[in-house]
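Spelled out from the first residue to the last, the chains are:
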Amino acid sequence: MTSNTSVSPNTASAGAPTPADTTAFPSQVTTRAPSPALDTPATSPPQLATIKDSSPQRQPRSTPPARAAEPSFSPDPRPWPTRSSAYQWTPFRGMWHDLKRRAPFYVSDYTQGFLPRNLERVVGATIRMYFLNLFPALAYIIDMNVRTGGNYSVNEGILASAIAALAFSTLSVQPLTIVGVTGLINLFNYTSYDILQRTGPEINYLQFQAWVLIWSAITHWLVAIFNICDYTRFITDCTSETFGLYVGIIYIQKGIELLVYEFDVSSTAGWFSVVVAIVFALFVYFVERVGALSFGPFWFRKLFTDYSFAVAIIFFTGFVHIPGQIKDAGIEFLPITKAFTPSTDRGWVVEFWNLPVKWVFVALPFGCLVTLLFYFDNNVSSLMAQSRGFPVKRPAGFHWDFFLLGCTTFVSGILGLPAPNGLVPQAPVHTEALSETKMVPEDAQLSPGGFYEEPEGSDSDVEMPMKHQRKKVVRTRVVEQRISHLAMGLLTLGTMSRPLLHVLGLMSRASFAGIFIVVGWGSVEGSGIVHKTLYLLRDPALTPPEHPLLDVNRSSILKYISFQWLFFAMIIAVSETIAGIGFPVIITILIPVRYFIIPKYVTPEELDILDAPTANSAAVLVSLGGPLLPGRGDNRLREDSEAVVEGKDVEGGLRRRTTRPAEEEETLEVKEGGQRETHIRR
């Protein structure tokens, strides 16, 4: 069986494993394009052979456009396969290289945000992320306030979000990653509160939490110093999809719990809150999708996508105050306190030094669990913000950013704040909001990530061969800068002022329930687990013939998603018990399960279609040891002469692939009448 994929000799050579690869972690998947900074081109001249075949075949891919010039950055001196243990664990190595690579871009990270051609994206992203970051955090604060005895409230949530935004927008290596108050730290906080109430009710909760976060900060710093973030390279869609689906379900669950609280007021307030939450969620869901329709000019449709969430919050804040039966329904509103002061009668600095010594060390395992949670959650968020679907060019820095996260965790403990970390549902939204989109011909060649890379020097829309040719909307570039994140942080901090706090006090808790539902549904609807499950339930006769899963045995798909559903169910079950603080352990176990157990039930070729690294660009992987290794479906290494060659991107991020000897290149030419010629270069 031949492939309709055209690959240069350089690509095939770069994808072939080297002898050094035999010491690497098994089952690593390759989905990247070659990078001049990281790959060595082949030098042997090709020889041409021709094979004719008259069988029907899909149309060939056109030659991709010339790639725009990328900023250069130096890779780690020793790629992953060539590292010794001593080098891998060298203190501060990863942090030093992260800073060294990003430093040349630091000034332009600010100036890029003020360029006229970038202002539209920057302003839109700032407003969108201000609402999408702060208001889900406040929704979780409502739940935390009820379930932790009032220790956390609005001001604590706002200050925690502002500190994280200001720190990561100015000091991080990955300013695209949004950090804030999440549902997972909410779960951890109220579960630890329940444990403390059972075992030591006389202990001050905030003092205990301060030591939990101090220990967590210390372990954060150790993880960053000894380069343990390098192992983030082994996180694939198998794990991140399971985690993303879990977070989405938790969001929806919390939205329903907020609505249940309203029934404690009255049945009228409860049912009216249900109506407000559902209408809010449906409004945002459908208005955001106006951008995908063909009505109206393109710029107008983009406005709907950028500002629908903000418009919905403003509208429904006023809607519940309409005089008459609506205002008289008696629904609850967001509780507020004085500006820039703690919500309870205390100072900002927690007296953590007064905690008994015994409980200082009891807090240690709790702190380690927070670190494990943040290691996975924050790194997955960073991967998703720079995933293969976005044309990011500037180097990532996982080690330094995890060290910085330890600093914000430490400050949160001292001030009695909920610790911020990476936001999984919102992680790709900031990058998406900063992505410039254009309409290109429907048959335009896209990169492996599904975006269009413009020819060098191009700053206008792609010329259309025909005036009425069908077009599609694609990403062309990401405005990589710090201004949108910084402005969002300043706006968040300003929300603690009395005028804006008063406005927040006008928001109904039902609106926050709607926020939970619509944000959570976004994760569920886009989940690869859900799409693969629906594929198995679909009538095979109605499955599109080009669907990538047709190349995979249905029983293999079932086995693959069974592992994902099993771990998803385990996390959900544990989260509903007093042992809920241990859920990070379960999701972390899925990573070695993916590499050591799943390949025993699914072939390497099938895994190449079902799974892929969450992020695979050279700019991201340069912080994690360099390019990914050739794909391996089980513990047995493939022959050195094979290389994984990526094929056409299709729905759901799944890819068709084929393997060929590394010294061969296959191209395809379609003749008139459907006859095809396959050329193999040796």
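For the structure, check the block above.
Residues numbered from 1 in each chain as written. Predicted model: local features only at pLDDT ≥ 70, side-chain atom pairs only at ≥ 80, totals over all residues. Heavy atoms only, no water.

Draft legend 1. Expanded view of the overall build of the protein. Each helix and strand in the protein was counted, giving 22 helices and nine strands. Taking all 682 residues of the protein together, the buried fraction comes to 57%. Look at the contacts in the protein between residues 6 or more apart in sequence, and 83% of them connect residues 24 or more apart. Put simply, the protein shows about 27,900 Å² of open surface, and 64% of that area lies on carbon and sulfur atoms. (Helix = DSSP H or I, 4+ residues; strand = E, 2+ residues; numbered from the N terminus. Buried < 20%, exposed > 50% of the residue type's maximum accessible area, 1.4 Å probe, protein only. Contact = heavy atoms within 4.5 Å. Areas by Shrake-Rupley, 256 points an atom, 1.4 Å probe, with all protein chains shown as cover.)

Draft legend 2. Expanded view of a nonpolar patch on the surface. A cluster of nonpolar residues, Trp89, Ile218, Leu222, Phe226 and Tyr231, forms a patch on the protein surface that exposes about 430 Å² of accessible area. Secondary-structure assignment places isoleucine 218 in helix H8 (residues 205-225). The class of isoleucine 218 is partly exposed, set by a relative accessible area of 33%. (Patch = residues over 30% accessible without salt bridge, like charges linked within 9 Å, V, L, I, M, F, W, Y side chains within 5 Å. Salt bridge = Lys/Arg side-chain N within 4 Å of Asp/Glu carboxyl O.)

Draft legend 3. Here's a closer look at the environment of isoleucine 561. Here isoleucine 561 shows up in helix H19 (residues 554-575). Separated by 29 residues in the primary sequence, isoleucine 561 and lysine 532 place their C-alpha atoms 7.5 Å from one another. Apart from residues lying up to four places away in sequence, isoleucine 561 is in contact with Lys532, Thr533 and Leu536.

Draft legend 4. Spatial organisation of the side chain of arginine 594. Checked against the element boundaries, arginine 594 lands in helix H20 (residues 583-596). Exposure remark for arginine 594: the relative accessible area of 1% places this residue in the buried category.

Draft legend 5. Region of interest: the packing of aromatic side chains. Evaluated as defined, the whole model comprises 35 aromatic pairs. Aromatic side chains phenylalanine 131 and phenylalanine 135 sit 5.4 Å apart centroid to centroid with 10 degrees between the ring planes, which places their arrangement in the stacked category. Of this pair, phenylalanine 131 and phenylalanine 135 both sit in helix H5 (residues 116-147), four residues apart, which is roughly one turn of the helix. As far as the burial class goes, phenylalanine 131 and phenylalanine 135 line up, both buried. On the basis of an interplanar angle of 90 degrees and a centroid distance of 5.1 Å, the ring pair of phenylalanine 315 and phenylalanine 316 is categorised as edge-to-face. The exposure class of phenylalanine 315 is partly exposed, given its relative accessible area of 47%. Each member of the aromatic cluster is reached from another via a ring pair, and the members are Phe280, Phe283, Phe309, Phe315, Phe316 and Phe319. Over the aromatic face of tyrosine 190 sits the side chain of arginine 147, whose NZ or CZ is 3.7 Å from the ring centroid. The residue whose ring lies beneath arginine 594 is tyrosine 595, and the NZ or CZ to ring-centre distance is 5.1 Å. (Phe/Tyr/Trp six-rings, centres within 6.5 Å; stacked < 30°, edge-to-face > 60°. Lys NZ or Arg CZ within 6 Å of the ring centre and 35° of its normal.)

Draft legend 6. Quick peek at the nonpolar core. Core analysis: the largest hydrophobic core is formed by 158 residues, its most contacted members being Phe135, Leu138, Phe208, Tyr246, Phe309, Leu504 and Phe512. Residues in contact with leucine 138, not counting those within four places in the same chain, are Val154, Ile158, Leu334, Leu504 and Phe512. (Core = buried A, V, L, I, M, F, W, Y, C linked by side-chain atoms within 4.5 Å.)

Draft legend 7. Molecular detail of the packing of helix H6 (residues 154-171) against helix H13 (residues 398-415). With their axes 11 Å apart at the nearest point, H6 and H13 run at an angle of 150 degrees to one another. As judged from the angle between their axes, H6 and H13 are roughly antiparallel. Two packed elements cross with a definite hand, and for H6 against H13 that hand is right-handed. Residues Leu159, Ile163, Ala167, Phe168 and Leu171 of H6 form the contact with H13, whose participating residues are Trp400, Asp401, Leu404, Leu405, Thr408, Val411 and Leu415. Within the contact of H6 with H13, the residues separate by chemical class into ten nonpolar, one polar and one charged. (Axes fitted to C-alpha atoms, helices over the stretch in contact; angles between N-to-C directions. Parallel < 35°, antiparallel > 145°, perpendicular 65-115°, else oblique. Left-handed = near helix turned anticlockwise from the far one by under 90°. Nonpolar A, V, L, I, M, F, W, Y, C, P; charged D, E, K, R; others polar.)

Draft legend 8. Just unusual backbone geometry, in detail. Located in the positive-phi region is phenylalanine 92, a residue other than glycine, with phi close to 70 degrees. By relative accessible area, phenylalanine 92 is classed as partly exposed at 47%.

Draft legend 9. Spotlight on helix H12 (residues 357-385). Counted at 1.5 Å a residue, the expected span for H12 with its 29 residues is 42 Å, and the 41 Å between its end C-alpha atoms agrees. Within H12, the axis deviates most sharply at proline 365, by approximately 30 degrees. For H12, the tally of buried residues reaches 21 of 29 residues, placing the bulk of the element in the interior. (Expected span 1.5 Å × (residues − 1). Bend = angle between axes of the 7 residues up to and from the residue.)

Draft legend 10. Representation of the pattern of salt bridges in the model. Taken as a whole, this structure holds 15 salt bridges when the rule is applied. For arginine 346, the salt bridge is made with glutamate 156, and the minimal N-O distance between the two is 3.7 Å. In this pair, arginine 346 sits in the loop between helix H11 (298-319) and H12 while glutamate 156 sits in helix H6, placing the two residues 190 residues apart along the sequence. Linked by salt bridges that have partners in common, Arg102, Asp109, Arg394 and Arg482 make up one network.

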